[in-house]
Amino acid sequence: MAKLSVEDLDLGGKRIFLRVDLNVPLAGPPPEAAGPQPEAGERQVADDTRLQAALPTLQHCVKSGAAVILASHLGRPKGKPDPKYSLAPVAKRLEELLGQPVPLAADCVGDAVEAQTRSLGPGQVLLLENLRFHPEEEANDPVFAGALARLADCYANDAFAAAHRAHASIEAITRYLSPAVAGFLMRRELEALGRILDRPERPLVAILGGAKVSDKLALVERLVQQVDAVLIGGGMAFTFLRALGHGVGRSLVEPDRIELARRVLGEASRRGTQVGLPVDAVVAESPDDVESRAVGVREMPEDLMGLDIGPLTLARFTAGLRGAKTIVWNGPMGVFERSRFARGTVELARAVAASGAFSVVGGGDTVAAVHQAGVAEKIGYLSTAGGAFLEFLEGRVLPGVAALTDRP
Ligand code: ADP
Ligand code: MG
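From a predicted model like this one, the values you see are computed outputs, not experimental measurements. (Residues numbered from 1 in each chain as written. Chains lettered and ligands numbered in written order. Predicted model: local features only at pLDDT ≥ 70, side-chain atom pairs only at ≥ 80, totals over all residues. Heavy atoms only, no water.)

Caption draft 1: Seen up close, the overall build of the protein chain. For the protein chain, the count of helices and strands is 14 helices and 16 strands. Taking 408 residues into account, the globule formula puts the C-alpha radius of gyration at 22 Å, and the protein chain, at 23 Å, falls close to it. Projected onto its principal axes, the C-alpha coordinates of the protein chain cover approximately 70 × 60 × 35 Å. Taking contacts inside the protein chain between residues at least 6 apart in sequence as the whole, the part at least 24 apart equals 74%. Accessible surface, the protein chain as shown: approximately 17,400 Å² in total, 49% of it carbon and sulfur. Charge-centre separation for the protein chain: the mean point of 45 positive side chains lies 5 Å from the mean point of 50 negative side chains. (Helix = DSSP H or I, 4+ residues; strand = E, 2+ residues; numbered from the N terminus. Rg over C-alpha atoms; globule rule 2.2 N^0.38 Å. Contact = heavy atoms within 4.5 Å. Areas by Shrake-Rupley, 256 points an atom, 1.4 Å probe, with all protein chains shown as cover. Lys, Arg positive; Asp, Glu negative; His and termini not counted. Charge placed at Lys NZ, Arg CZ, Asp CG, Glu CD.)

Caption draft 2: Up close: the pairing of strand β8 (residues 204–208). β8 sits mainly inside the fold: five of its five residues count as buried. Where burial is concerned, the two faces of β8 agree: the one with L204, A206 and L208 and the one with V205 and I207 are both buried. Of the pairings in the sheet, the one linking β8 to strand β9 (residues 229–232) comprises four bridges and is parallel in character. Bridge assignment links L208 to a residue of β9, and that residue is I232. Handedness of the crossover joining β8 and β9 through helix α7 (residues 213–226) is recorded here as right-handed. (Buried < 20%, exposed > 50% of the residue type's maximum accessible area, 1.4 Å probe, protein only. Pairing = 2+ DSSP bridges. Right-handed = clockwise from strand over helix to strand, strands pointing away.)

Caption draft 3: Structural detail: the packing of α7 against helix α9 (residues 258–271). It is at 9 Å that the axes of α7 and α9 come closest, and there the two elements cross at 10°. Regarding the angle of α7 to α9, the classification is roughly parallel. For the pair α7 and α9, contact is made by L217, V220, E221, V224 and Q225 and by L260, V264, E267, A268 and R271, respectively. Taken together, the residues that form the contact of α7 with α9 break down as six nonpolar, one polar and three charged. (Axes fitted to C-alpha atoms, helices over the stretch in contact; angles between N-to-C directions. Parallel < 35°, antiparallel > 145°, perpendicular 65-115°, else oblique. Nonpolar A, V, L, I, M, F, W, Y, C, P; charged D, E, K, R; others polar.)

Caption draft 4: Local environment of the sheet that holds strand β11 (residues 280–284). Taken in spatial order, the three strands make up an open sheet running β12-β11-β13, and their pairing is antiparallel. The two strands at the open ends of the sheet, each matched to only one other strand, are β12 (293–296) and β13 (305–309). Looking at each pair of strands side by side, their axes are set apart by 50° on average, direction ignored. Across four bridges, the pairing between β11 and β12 is antiparallel. Looking at the pairing, V283 lines up with R293 of β12. On the sheet, helix α10 (residues 311–321) packs against β11, β12 and β13 and is oriented at approximately 40° with respect to β13.

Caption draft 5: Molecular detail of the domain arrangement of the protein chain. Taken domain by domain, the protein chain holds domain 1 (6–186) and domain 2 (200–393). The C-alpha-based centres of domain 1 and domain 2 are spaced at 36 Å. In this complex, domain 1 contributes seven residues to the contact, which on the side of domain 2 involves nine residues. Summing both sides of the interface, domain 1 and domain 2 together bury roughly 610 Å²; the carbon and sulfur share of this comes to 66%. Looking at the side of domain 1 facing domain 2, the largest losses of area belong to F160, H164 and L185, adding up to 70% of the total buried there. In this assembly, domain 1 and domain 2 are joined by zero salt bridges. For the interface between domain 1 and domain 2, the tally reads one residue pair in polar contact (both at pLDDT 80 or more). (Domains from an automatic or database assignment. Buried area = accessible area lost by both parts, 1.4 Å probe. Salt bridge = Lys/Arg side-chain N within 4 Å of Asp/Glu carboxyl O. Polar contact = N/O pair within 3.5 Å; in protein donor to acceptor, adjacent residues only side chain to side chain.)

Caption draft 6: Representation of α10 within the structure. The complete set of buried residues in α10 reads T313, L314, F317 and L321. On an axial view of α10, the arc spanned by its buried residues comes to 100°, and they lie on one face. Set apart from the buried face of α10 by more than 90 degrees, the exposed residues are L312 and R316. Directly after α10, the chain includes G323, whose backbone phi takes a positive value near 85°. (Arc of directions from axis to C-beta.)

Caption draft 7: Summary view of the nonpolar core. F17, L128, F160 and F240 are the most contacted members of the largest nonpolar core, which has 80 residues in total. Of the residues that make up this core, three or more belong to each of domain 1 (6–186) and domain 2 (200–393). Not counting residues within four places of it along the chain, the set of residues in contact with F160 comprises M186, E189, L190, L193, S383, A385, A388, F389, F392 and L398. (Core = buried A, V, L, I, M, F, W, Y, C linked by side-chain atoms within 4.5 Å.)

Caption draft 8: Just the state of the cysteines, in detail. Inspection of every chain in the model, using the stated rule, returns zero disulfides. Of all cysteine sulfurs in the structure, the one in C154 sits closest to C61, which takes part in no disulfide; the separation is 7.8 Å. The thiol sulfur of C108 is not disulfide-bonded, and the nearest other cysteine sulfur, from C154, lies at 19 Å. (Disulfide = S-S within 2.5 Å.)

Caption draft 9: A look at unusual backbone geometry. Residue P179 is bonded to the preceding S178 through a cis peptide linkage, with omega at 0°. Cis geometry marks the peptide bond from R202 to P203; its omega dihedral reads 0°. Among the structural elements, P203 can be located in the loop between α6 (184–197) and β8. For K78, which is not a glycine, the phi torsion comes out positive at approximately 65°. Mapped onto the elements, K78 comes out in the loop between β4 (67–71) and α2 (88–98). Backbone geometry at R199 places phi at a positive 45°, although glycine is not the residue there. With respect to the helices and strands, the residue R199 is situated in the loop between α6 and β8. The exposure class assigned to R199 is exposed, which follows from its relative accessible area of 75%.

Caption draft 10: Region of interest: the site of ligand 1. Lining the immediate surroundings of ligand 1 are 17 residues, of which K216, G306, E337, D365 and T366 lie closest. Note that an oxygen atom of ligand 1 is positioned 2.6 Å from one of the side-chain N or O atoms of K216. Note that an oxygen atom of ligand 1 is positioned 2.9 Å from one of the side-chain N or O atoms of D365. For ligand 1, whose unbound accessible area comes to 580 Å², protein coverage reaches 81%. Going through the elements one at a time, β13 and α12 (364–372) are the ones with two or more residues in the shell around ligand 1. When residues in the shell around ligand 1 are grouped by element, the largest group, three residues, is from α12. Residue composition of the shell around ligand 1, grouped by class: five nonpolar, nine polar and three charged. (Near = heavy atom within 4 Å.)

Below is the structure:
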């Protein structure tokens, strides 16, 4: 990799500022709503996947004898302290996973916190309180970044999922702390996603779906130039079908993107990139409807909406994966949260897993769908990132990656 990593640092006796993504879903009532028995209604980490993913770098730093200053955001607290977004439940779960104390600082900057970091011994860990309790974090404020930098001697970023944000703990801080190195998760993400953009084994097939085209048109535009074939399903397919002149009933369509979708299809055909679009769809009155049926895209009823790809499309998409050497996938094929409309997504996940290709899957919902299909183990790489995954594949420079120190 072109960037320095934690393994390149001599960490013994140093304080390292480790920016991680501990932005996990919480369950249970927020602190002020807790009843008379706080232990019964305590707020807890509902899914610790991101904590697990942060462990290898954290453990490496601990073992190397560094004092580790862990920093993360959680949710959107609007730039002021809010007990609902305290990292306290995260500290508790992390303590269990790591098997050593993870005290939570009262804040993330200031004299008291600075003194706390100086009192840490080798291998000890301190978790800073939510970075976004200060509006300066998201503003990439240099003074705030300087205050964060005073807490440590060197800097590592393992928060790939946040690397598309130029925030103080991600970008500005690296002006005051160097070297700025990549953690193991950051390195793995960059290597796996790099395999898609940088001389991938071909044929390279992209699968795109999900709800909104507007989120993903830039990605489709870029991938059309990059891949051998792109299979488009999910809600976004209907804007493309409209661009081809199909009526799509009450399916999700973004009228102001139809023209752009048409241009992308034109570009694909000029380049000889194959585009797979649904030939049939599972339609219903709404996602809550108990009645559904598959119809061809030429006979979509005006009063119904497409909520999954149909069986013919599934067969075509599955066939489209045959022989692929590399597959990249973002976006479910249908409203997979409802079992009635999950078949396209789940079966396609199984096809990706069985394909023998190196596969990379990203996006919160798509990764959840892969777990739901029970094939997570057979996927080449499951990205922990959503927005950063998309922006990286769009070919954009991520501020959090650009800020890391290049290998000499
Ligand atoms: P990811 O989180 O993997 O990036 P998205 O958030 O873009 O994926 O898309 C996932 C959402 O798209 C899901 O909530 C799913 O229900 C929705 N979706 C998929 N297909 C359709 C469809 N045909 N109509 C409406 N919503 C859809
Ligand atoms: Mg999503």
